[in-house]
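Below are the chains, spelled out letter by letter.
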Amino acid sequence: MAKCKQCGKVLPKVWRTDICLECSRANVQKIFKENPEVKQAYQESIEEMSKPENIEKVANSFSRFMDAVMKLRGK
Ligand SMILES: [Zn+2]
């Protein structure tokens, strides 16, 4: 049975990651706190998502966000 790698909580069978929702959320909050520029990119992408005409811009902001997260994870 899969368990969260961070807190050891048993994960639902359909879960595709090795971390539970609470822990991944906490991790994102931590990333935001330590890296304000990531939060900025994330918030921009959320804001822009509400405007359909900005889909390309959203994709760019979001990939910037994902890049930043991947870089942090690669440390
Ligand atoms: Zn967890």
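Computed from a predicted model, the values in this text were never measured in an experiment.

The rules we used
- Residues numbered from 1 in each chain as written.
- Predicted model: local features only at pLDDT ≥ 70, side-chain atom pairs only at ≥ 80, totals over all residues.
- Helix = DSSP H or I, 4+ residues; strand = E, 2+ residues; numbered from the N terminus.
- Rg over C-alpha atoms; globule rule 2.2 N^0.38 Å.
- Buried ≥ 20, exposed ≤ 12 C-beta atoms within 10 Å, placed from the backbone.
- Contact = placed C-beta atoms within 7 Å.
- Expected span 1.5 Å × (residues − 1).
- Arc of directions from axis to C-beta.

A. Main features of the overall build of the chain. Of the regular secondary structure elements, the chain holds 3 helices and 0 strands. Listed N to C, the secondary structure of the chain is α-α-α in terms of helices and strands. Taking 2.2 N^0.38 as the reference for a compact globule, 75 residues should give roughly 11 Å; the C-alpha atoms of the chain span a radius of gyration of 15 Å, well beyond that estimate. Counting every position in the chain, which comprises 75 residues, the buried fraction comes to 9%. When contacts within the chain are restricted to residue pairs at least 6 apart in sequence, long-range pairs at least 24 apart make up 20% of them.

B. Layout of helix α2 (residues 36–49). Spanning 14 residues, α2 covers 20 Å between terminal C-alpha atoms, matching the ideal 20 Å at 1.5 Å per step. Residues of α2 that are buried: Val-38, Ala-41, Tyr-42 and Ser-45. What you see down the axis of α2 is that its buried residues fit within an arc of 95°, all on one side. For α2, the exposed residues set more than 90 degrees away from the buried face come down to Pro-36, Glu-37 and Glu-47. Those residues of α2 that are buried are in contact with α1 (21–34) and α3 (55–74).

C. View of the environment of Met-49. As for its placement among the helices and strands, Met-49 is situated in helix α2. Sequence separation of Met-49 and Phe-62 is 13 residues, and the distance between their C-alpha atoms is 9.8 Å.

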